[in-house]
Amino acid sequence: MTKLEQIKAAEARLLLQTYERNPILFVGGKGVHLIDEKGERYLDLLSGIGVNALGYGHPAIERAIINQSRALIHTSNLFFHEGQAELALRLTERTGLDRVFFANTGTEAWEGAMKLARAHAGLLRSEGKNIGTKFLALEQSFHGRTFGSVSTTYKAKYREPFGPVVPGVEFVRFNDIADLRSKFSDEVCAILVESIQGEGGIRPLTQEFFAEARALADSTGALLIADEIQAGMGRTGKWCGYQHYGIKPDVTTLAKPIAGGIPLGAIVCTEEAARAIHAGMHGTTFGGGPLACAVAIAIIDAIENEKLLDHATKVGNYFQRQLRTLAEKHDAIVDVRGKGLMLAAEVDSAELGKLIVAEMLKRHIVINCTSDTVLRFLPPYILEHEHVDTAIAALDEIFTEHGVQTTAPAAGGEHRG
């Protein structure tokens with residue numbers, strides 16, 4: 001048996017069967033490429049589902065891990081260490097918010113944000129305000145796999161096997177202002193949004209919908225909570241997706257690329273929201289440990305020192321233009337959308353989406369298909385034009401072989417500028 005076959009057999013015997021893995025054993029990576037057990041390189045346009053912002057083997061991450069692991073890995077939150085306040089300062093400065101709680105994952109951060117909203121509503125009630133405990137979430141939302149998170153996640157396949165889920169959640173039609181207004185009342189303690197829905201298909205909020213959500217929350221004291229777990233930390237060319245709108249939430253949640261693969265999540269909130277939490281109400285054993293904080297600090301500094309926000313914008317714009325040119329040639333692409341290096345090309349059938357992912361993998365290019373028909377691109381921020389050209393050429397070839405082609409001109413090598 002090969003090493004891959006041995007691992008597959010062991011996992012089949014020992015692990016809960018929660019994943020349908022691709023039959024590839026990765027053993028390393030460099031830059032924007034993964035390397036398998038045979039030494040073959042794969043262009044990674046998914047970056048561990050939006051995690052590896054600096055790609056693989058980045059020296060800033062390696063230095064941070066080496067230095068901090070030699071000094072201190074864990075203390076628990078019963079004591080101080082040097083990293084939390086330093087990282088919290090970086091996050092508050094870049095989000096425009098005031099206070100931070102560190103968790104291990106995105107779904108834990110979301111759970112904490114929901115608890116914060118309920119606690120804040122309770123505080124307001126104690127001060128004489130009329131406000132309830134209900135959450136408004138959006139159709140096609142995805143916020144995680146734990147009970148609170150899955151309760152605010154739209155698709156029934158994520159919720160129904162574990163019912164009854166957390167009560168008090170109602171879903172609003174995506175970008176439908178009239179539906180939002182009709183479902184909002186003083187019974188609502190928080191409106192829950194993603195500035196750009198990730199698992200839901202890379203779908204941006206409209207300016208008008210986001211502004212109305214902000215106005216409605218302000219009218220009663222409810223919190224506006226923005227899930228930036230996938231869109232945040234620079235992926236869209238700004239530190240948070242909501243910054244493209246000029247609208248600030250009361251609470252945001254961060255994770256995925258924040259510590260480059262070391263588990264870390266964060267709740268960042270206003271002083272007003274933070275009034276509701278005091279010692280003993282919430283906690284974590286591992287969240288915000290010395291190692292994760294040291295790596296996150298190094299990543300934020302590297303993003304700024306290497307001007308990767310501007311780079312993500314420029315390369316992302318180039319990538320999106322090339323996808324749009326491809327869509328003009330191939331009728332099977334029904335939409336292209338996204339911001340920065342959070343991009344999607346929607347195709348006209350789930351079967352085609354699945355086929356394209358498999359065909360790209362045969363060509364040593366990693367993408368995935370979310371929401372059944374949406375080809376999703378979440379590459380490292382260090383992606384270059386030449387990598388985009390490689391991906392577009394492969395997609396063009398696959399669509400030509402398997403898609404519906406028009407007579408429009410082929411997607412060509414656009415000059416960098």
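Further up the page is the structure itself.
Residues numbered from 1 in each chain as written. Predicted model: local features only at pLDDT ≥ 70, side-chain atom pairs only at ≥ 80, totals over all residues. Heavy atoms only, no water.

Q: Which residues make up the packing of aromatic side chains, and what are the values?
A: When we look at a pair of aromatic rings, we describe it by the centre distance and by the angle of the planes. Enumeration over the complete set of coordinates arrives at five aromatic pairs. Judged by centre distance (5.3 Å) and plane angle (75°), the ring pair of Y154 and F171 falls under edge-to-face. In this pair, Y154 is assigned in the loop between α6 (147-151) and α7 (156-159) and F171 in strand β6 (residues 169-172), connecting sequence segments 17 residues apart. (Phe/Tyr/Trp six-rings, centres within 6.5 Å; stacked < 30°, edge-to-face > 60°. Helix = DSSP H or I, 4+ residues; strand = E, 2+ residues; numbered from the N terminus.)

Q: Provide a residue-level description of the sheet that holds strand β13 (residues 333-339), including the pertinent values.
A: The strand order across the open sheet built from four strands is β13-β14-β17-β16, with neighbouring strands paired in antiparallel fashion. Lying at the two open borders of the sheet, with one neighbouring strand each, are β13 and β16 (368-370). Adjacent strand axes in the sheet meet at a mean angle of 30°, parallel and antiparallel pairs treated alike. Two strands pair when backbone bridges link them, and strand β14 (residues 342-347) and strand β17 (residues 374-377) are joined in this way by four bridges, in the antiparallel orientation. Bridge pairing links A344 to R376 in β17. Set on the sheet, helix α12 (residues 308-329) makes contact with β13, β14 and β17; between it and β13 the angle comes to about 170°. (Pairing = 2+ DSSP bridges. Axes fitted to C-alpha atoms, helices over the stretch in contact; angles between N-to-C directions. Contact = heavy atoms within 4.5 Å.)

Q: Describe the side chain of H81, listing the residues and the values that go with them.
A: Its location among the elements puts H81 in the loop between α3 (59-71) and α4 (83-95). For H81, a relative accessible area of 18% corresponds to the buried category. Of note is the side chain of H81, whose polar atom sits 3.0 Å from the backbone nitrogen of G83. Side-chain polar atoms of H81 contact the backbone oxygen of G288, separated by 2.8 Å. (Buried < 20%, exposed > 50% of the residue type's maximum accessible area, 1.4 Å probe, protein only. Polar contact = N/O pair within 3.5 Å; in protein donor to acceptor, adjacent residues only side chain to side chain.)

Q: Describe the packing of α4 against helix α11 (residues 290-305), with residues and values.
A: Viewed as axis vectors pointing N to C, α4 and α11 meet at an angle of 35°, and their least axial separation amounts to 9 Å. The hand of the α4/α11 crossing is left-handed. Contacts between α4 and α11 involve G83, Q84, E86, L87, R90, L91 and R94 on the former and, on the latter, C293, A296, I297, I300, D301 and E304. Broken down by class, the residue content of the contact of α4 with α11 amounts to six nonpolar, two polar and five charged. (Left-handed = near helix turned anticlockwise from the far one by under 90°. Nonpolar A, V, L, I, M, F, W, Y, C, P; charged D, E, K, R; others polar.)

Q: Explain the packing of helix α13 (residues 350-362) against helix α14 (residues 385-402) to me, using residue names and the numbers behind them.
A: At a minimum axis separation of 10 Å, α13 and α14 run at an interaxial angle of 130°. As judged from the angle between their axes, α13 and α14 are oblique. Judged by the twist between their axes, the crossing of α13 over α14 is right-handed. Of the residues in α14, those in contact with L352, L355, I356, E359 and M360 of α13 are A391, A394, L395, I398, F399 and H402. Of the residues that constitute the contact of α13 with α14, the class distribution is nine nonpolar, one polar and one charged. (Parallel < 35°, antiparallel > 145°, perpendicular 65-115°, else oblique.)

Q: A description of the pattern of salt bridges should follow, citing residues and the corresponding values.
A: Inspection of every chain in the model, using the stated rule, returns 23 salt bridges. Across the pair R173 and D176 runs a salt bridge, and its minimum N-O distance is 3.0 Å. For D396, the salt bridge identified is with K329, shortest N-O distance 3.0 Å. Taken as a pair, D396 in helix α14 and K329 in helix α12 lie far apart in primary sequence, 67 residues in all. Here D396 matches K329 in class, with each residue buried. What emerges from the salt-bridge pattern is a single network uniting E359, K362, R363, E397 and E401. (Salt bridge = Lys/Arg side-chain N within 4 Å of Asp/Glu carboxyl O.)

Interpretation in functional terms is not warranted from these geometric data alone.
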